[in-house]
Structure formats: C-alpha cells, structure tokens
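# Structural description and commentary
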Amino acid sequence: MIPARLFRSSLSTVFRELARDRKLGIRGASGMTEGYKKASIVILHRDLADDFEAFCHANSGPLPLLYRSQPGELTCPVLTHASDVRTLYPEYFKYEQGNLTSRLPSLLDYSEELANMVTFYLGTAMSDHQKLQRAEVPPRPGDKKHAVSIYKTSVPCCGVGNFQCDLRVFMKPMPERNLDTHLNHSLHGVPVHIGHPGLIGVEDLRRPDNGDAMEVQPGDVPVFWACGTTGGEAVRSSKTPLSFTCSTDLSSYEDGASPLARSLAPSETPLAFCISQQPLHYSLASAAAVQRIRALETHIGADPGERGIKALLVPEELLKASLSLSHAASVLITTGFPTHFTHNPPEENDGPPGAIAMAAMLQALNKRVTIVTDHRALDMNRKIIEDSVEQGILKTPVPVLSFQNSGADSVLGFLCHNGDPVKPRYDHLVAIERAGMAADGNYYNARKVNIKHLVDPIDILFTTASSIPGITTTGIGDGGNELGMGKVREAVRKHVPNGELIACDVAADFAITAGVSNWGGYAVACALYVLNHCPVHERYLRRAVGLPRNIQHSSWTAALPTVRKEEKILEILVKYGIRSGRTGTLGMEVDGLPFHSIHSAMIQRLIDMTLHQAAL
C-alpha cells in the first residue's frame, strides 16, 4: 500500500512532466481525455476525491479520467448536454461500506448527500456488435445477444490510500491470422494481454464475472482490454460509507471519436508477435520499435569472417527473443566454447562478453540473472564476474552455477522450484556461443575436432525446458555448432563447411545468428533497451496499471555495452588466458578479427542506432 499523501506528493512533478509532454492524453485543467466514445461514473465523498483521482492517474489504462466534478456539481457540459448525473443513467449501484446494497433507477432521492460528493467521469471504449463489425472483426455465434465478457484478474492495480484492487478486463476473440490489422483498427484501444488467460489469473473463459461467455473459435486468440469496472472494485475495496457507480456507459456525449479513429504514428501503432506457444502468449511493440530492432538484426548479420552465415539468418528472431526476455522475471544464461583443446583454459573469448552485456541490461531492468557453465571453469567464471563488477561493467555480481546431469530429477530440480514443472525457476534460458550437441551425441568445433570431454551436458536443460510450459529458450551463434542453433540445422548442414557433422541438433525457440556471437548478445541488450523505451510495449508489460516505468531510465543507458566496457571485458579475459577463437591469439581480437577496427565499430554503431530510437 502507498500512503495517499506521499503518493500524491511524489507524483505531482511526474504528472506535470507527462502532461507537458502530452503523454497522459489529457486536455486542459479538467483532465478530460480525448477520443473516448462512452463514459462511466464513480461518485464518492469529497474527502476521498483526491485519493481516487490519484488512483485513476496511477491506473489510467482501466480508469482514464475524463472529468472530475466539484462537490455537489450535477452537470458536466464538457461531456454532454443531458448531464444531470442523477438521471443520466438507466441504473445506478449503491455501495455502503464497500458492499452493494441496492440498484437504483435514479439518484434523485440522494440530492442532499450528493451535495458533499464528487463525480468522476471515466472513459471507456467498449462498443456494440455493429461497431465491431465495422472494425472488420467477424461476428461469433450469438454475438448479438452476448454482453461483453468481463473477468477479474490477479494483476494488482497501483494502490493509493484505501483504494486497493486487482485489474478487471474484458475479452474479445480476434482472428490470429491477421491480428495486427484488428488491433490497429480496434475500437477498444491497445490491449493489456493477448493469449492464455491463466497468465493474468483468469481461470476459465467460460465463466466471466460479468456478462456472457464469448465463444473462442478455432483460429482465434483471446484478446483482453483493461475494463472500467475496475473502478467499482476500487470502490468496494475502500469500504467508503456511501458511494455510487453506474451500470451502463454514457453514450450520448458529442465528442464521439473512437480511441483509434485518428491515424497512428509509428511510435503508437501496435504490432503483435507470438513469443510462446506453451502457454500461448503474444507481446506488443510499436511499429517504430520493431523497425529499429529489425535494423539491429540486419546489422549484426554482417559476415566479416566470410563464414556464409547469411543462409542461417531467420528474420525477427532477435525481436521475438528480446520480447520474450522483456517479459521474463528470471533468466539463465550459459556460454563457453572450449575450442582450444590443447590450451588451459580451452575457452574462446567469443561468448562471455555477449553474456555479460545481456546480464548487465537484464539487471538494470530488475530481472534475476544466473549463469551456468562447465564445472571445470566454474571458479574462473566467478572471478570474471567479480572483475566485471569491480570494473563497473556489471552493477552487482551474477551467480555462477554448474550442472551435472544425474537423471530427470536433477534436471527438473535445477530448472524448477522443488522440481515441480508448474513452478519454473527460470522463465527464459539463453545460450550464447555455447558448444552444442551434434546429432551423434558429440560436440565439435569448426575444425571437426570432438571436444565432448570438455563440455558438461547443459544441452539437456534446453531440451527439458521445451516440455515445461512457461520456459522459453534462445540460442545465439555464428557457425551453427552452438547450443540452440538446431533450429537452423538443415541450413547449417547445407551451407556451413563441415556442417553435416558439426551442426548442433538441439533447437531453441529462437535462434539469433550474428557474424560474431558477441554481437548477438550486444544486440539483445540494445533491443531490450529499445523495447522498454517503447510506450506501447512498456504499457503492455505493466498491463496498463501503475505509472510508466521509463520516466527515469538513466540506469538502463548506463547498462548498455560501450566500446570501453567491452575493451575492459577482453582485458579481463586475456588476464585469465582466454583466447581468440579462430587464431588462438591471446590479445585484443575475437574470432580472428581485431577489436579496435571491427568489433569497436560494430559496438558503436549498435549504440548509435539504439540511442537514436530512444530519442524518437
């Protein structure tokens, strides 16, 4: 719970900045939000008005505030000419101590009480069957007789004072085949969740809390929007002695444009991408953010080593992997390719820098990060992490673990709390330049040398994760013999020298191909930065409740890879005897490419592209 006085004080400056930058969508001192077709009301005693207004601002997705009346004000001319709030709606709900005690045809009998009460007019974009048809959403059986399906969720709103409740949503099924088209023309605005209802705490679509169940047809995806009935939940939670809400939405006021009737700028246009099949989960980002991440992906696809990697590129894998990571709360990263089997240590220096770059950004985004590596390299990797913290590359230490496969119980025990597959410990596994198992069960470097004796069976974590709902995996590689690149194994076998033998057979959900694997790690860090600066994605992450998280993002900028930080990482790796992959050189090169002409230019270009996006 946030104390109301502290909440209002700390947010006053934030709201002024947002309003000045036109990010709240409000107009003038009244706080009226443009572009909503209908309105609902909440009527509270004047002593609670400031708290409820702060609650609306803190949860503007379900509760966009159109107008706050003065105490006793019964009219609202900026919204409608027929504005006597006592008779404006066909039915009113009366609450006492937070309990619904009666339904009323009008509030005329409560004129005396209303003299000390404030009316909040709240926007809602819910519309009827005909409007949905005009938005090109095909009708479903029984649509004309079905009310909107409204559900309680387990998503907590940002509480203010005594107003504490969970978000309520309404659902409409949308055709998966052209989901973007329907979202961009939706009369409901931008959704807060697309996919499996259980991810937001909705247990059964057949049992809505209000309205009738809407049938989801084959080929449909459940799409959920923030619902204004959240206001009624907030009223109940406050247990105020007397309050009123309406049962239906005001539809007669004259500012009748739908929320998305105007043309959307690329920074506002939502695009949907599937980031998980088990459970089904889509994420959103703006067209502008998507375009920028696609550009990052193209840039890291350069092939200065002339390995023929372009045949391995799968479009939008960087985007989808980064979207999935943006939703994750806990991430496990693995790296380590012991290609130099005659040296001690045998590792190459492609992989660890990219892993640390991702870890730094994930830390800045307040995600739990863990690294798993070979037991023989455990102490060395822990020292590398310690040095990275000392050098300011990482904000805090990252736990470094090893894994030995002693059976199915050991795998589940590592991946899940108490070995329970319904309680994953990690939401996402990332392998970057990690030796991957070939079809014959061995591990090969690019020269066809079997290095199995140097590699722990971390692959099984990825194969097991594929059967655990809620865990997604990403592989990052530059030659096709890396863990996770089994997704493109056929292309590896066909286009990469020695590919028939060395191709990794273990597939990840997403396979990011880069000219050097480290570049893939840098690009993931940059893509996460872009996504979390994207208003569409940021709103979707928080389900349109709470305040925008990207008002203060200096820590995110500080977490981005830089030429100097990556130079420091290479210096640390040289200190521990870790060599360039292709040449075995112990110095400032990676995969035979000099750091200060090739890698430094790549890093700087990625950063320039990333920070340019944030300025848009």
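Residues numbered from 1 in each chain as written. Predicted model: local features only at pLDDT ≥ 70, side-chain atom pairs only at ≥ 80, totals over all residues. Heavy atoms only, no water.

Check the secondary structure of the chain and you find 19 helices and 22 strands. Here the chain, with 616 residues, has 58% of them falling under the buried criterion. Taking the contacts inside the chain whose residues are at least 6 apart along the sequence as the reference set, 75% of them involve residues at least 24 apart. For the chain, the exposed surface amounts to about 24,900 Å²; the carbon and sulfur share of it is 50%. (Helix = DSSP H or I, 4+ residues; strand = E, 2+ residues; numbered from the N terminus. Buried < 20%, exposed > 50% of the residue type's maximum accessible area, 1.4 Å probe, protein only. Contact = heavy atoms within 4.5 Å. Areas by Shrake-Rupley, 256 points an atom, 1.4 Å probe, with all protein chains shown as cover.)

All right, on to the nonpolar core then. If you look at the biggest cluster of nonpolar residues, it comprises 91 residues, and the most contacted ones within it are Ile194 and Ile333. Val42, Cys157, Val192 and Ile200 belong to the second largest nonpolar core, which has 35 residues in total. (Core = buried A, V, L, I, M, F, W, Y, C linked by side-chain atoms within 4.5 Å.)

What follows concerns the sheet that holds strand 18 (residues 428-434). Taken in spatial order, the six strands line up as 17-16-15-18-19-20 in an open sheet, and their pairing is parallel. Here the strands that pair on one side only, and so sit at the sheet edges, are strand 17 (400-402) and strand 20 (510-513). The average undirected angle you get between the axes of adjacent strands in this sheet is 25°. The pairing of strand 19 (residues 472-477) with strand 20 spans four bridges and is classified as parallel. Counterpart to Gly477 in the pairing with strand 20 is Thr513. Set on the sheet, helix 9 (residues 352-364) makes contact with strand 15 (330-336), strand 16 (368-373), strand 18 and strand 19; between it and strand 15 the angle comes to about 165°. (Pairing = 2+ DSSP bridges. Axes fitted to C-alpha atoms, helices over the stretch in contact; angles between N-to-C directions.)

Here strand 11 (residues 220-226) lies mainly inside the structure; seven of its seven residues are buried. Across seven bridges, strand 9 (residues 166-175) lies against strand 11 in antiparallel orientation. Across the sheet, the residue bridging to Phe170 is Trp225, located in strand 11. Direction of pairing for strand 10 (residues 193-195) relative to strand 11: antiparallel, over a ladder of two bridges. Looking across to strand 11, one finds that Ile194 is bridged to Val223.

Now for the packing of aromatic side chains. According to the stated counting rule, one finds eleven aromatic pairs in the structure shown. Look at Phe52 and Phe55: their rings are 6.2 Å apart centre to centre, the planes differ by 25°, and that puts the pair in the stacked class. Of this pair, Phe52 and Phe55 both sit in helix 2 (residues 49-58), three residues apart, roughly one helical turn. Ring geometry for Phe414 and Tyr426: centres 6.2 Å apart, planes at 35°, overall tilted. (Phe/Tyr/Trp six-rings, centres within 6.5 Å; stacked < 30°, edge-to-face > 60°.)

Put simply, helix 10 (residues 378-390) and helix 18 (residues 563-575) touch, their axes get as near as 10 Å, and they point 145° apart. The two elements helix 10 and helix 18 cross, and the hand of that crossing is right-handed. On helix 18, the residues touching Ile384, Asp387 and Ser388 of helix 10 are Ile569, Ile572, Leu573 and Lys575. Of the residues assigned to the contact of helix 10 with helix 18, the class counts are four nonpolar, one polar and two charged. (Left-handed = near helix turned anticlockwise from the far one by under 90°. Nonpolar A, V, L, I, M, F, W, Y, C, P; charged D, E, K, R; others polar.)

Time to look at the side chain of Thr119. Take Thr119: it is sitting in strand 7 (residues 117-124). Excluding residues that lie within four positions of it along the chain, Thr119 makes contacts with Ile41, Val42, Ile43, Tyr67, Arg68, Ser69, Glu73 and Val85.

This brings us to the pattern of salt bridges. A side chain of one charge can pair with a side chain of the opposite charge when the charged atoms of the two come close. By the definition in use, this model includes 20 salt bridges. Close ionic contact of Arg294 with Glu316 constitutes a salt bridge, the shortest N to O distance being 2.3 Å. Of this pair, Arg294 sits in helix 7 (residues 287-300) while Glu316 is found in the loop between helix 7 and helix 8 (317-327), placing the two residues 22 residues apart along the sequence. Assessed through its relative accessible area of 36%, Arg294 is described here as partly exposed. Between Asp387 and Lys575 there is a salt bridge, with its nearest N and O atoms 3.0 Å apart. One end of the pair, Asp387, is in helix 10; the other, Lys575, is in helix 18, and 188 residues separate them in sequence. Members of the salt-bridge network, linked through shared partners, are Glu347, Asp374, Arg376 and Arg434. (Salt bridge = Lys/Arg side-chain N within 4 Å of Asp/Glu carboxyl O.)

Its 16 residues give helix 15 (residues 517-532) an end-to-end C-alpha distance of 23 Å, which sits within 8% of 22 Å, the value for a rise of 1.5 Å per residue. With 16 of 16 residues buried, helix 15 is to be regarded as a mostly interior element. (Expected span 1.5 Å × (residues − 1).)

With antiparallel pairing, six strands are arranged side by side in an open sheet as 8-9-11-10-14-13. Among the strands making up the open sheet, the edge pair consists of strand 8 (149-156) and strand 13 (270-277). Between one strand axis and the next, the sheet turns through 35° on average, direction left out of account. Here helix 8 sits on the sheet and contacts strand 13 and strand 14 (280-286); the angle it forms with strand 13, its principal contact strand, is near 80°.

Turning our attention to the environment of Glu386. Topologically, Glu386 is positioned in helix 10. Along the sequence, Glu386 and Pro397 sit eleven residues apart, while their C-alpha atoms lie 6.4 Å from each other.

On the secondary structure map, His533 appears in the loop between helix 15 and helix 16 (535-541). We classify His533 as buried; its relative accessible area is 13%. In terms of polar contacts, His533 uses its side chain to reach the backbone carbonyl oxygen of Tyr529, at 2.9 Å. (Polar contact = N/O pair within 3.5 Å; in protein donor to acceptor, adjacent residues only side chain to side chain.)

Here we take up unusual backbone geometry. The linkage connecting Gln278 with the following residue, Pro279, adopts the cis geometry, with an omega of -5°. Note on placement: Pro279 falls in the loop between strand 13 and strand 14. Here the amide bond leading from Asn344 into Pro345 is cis, since omega sits at 5°, within 30 degrees of zero. If you trace the backbone, Pro345 turns up in the loop between strand 15 and helix 9.

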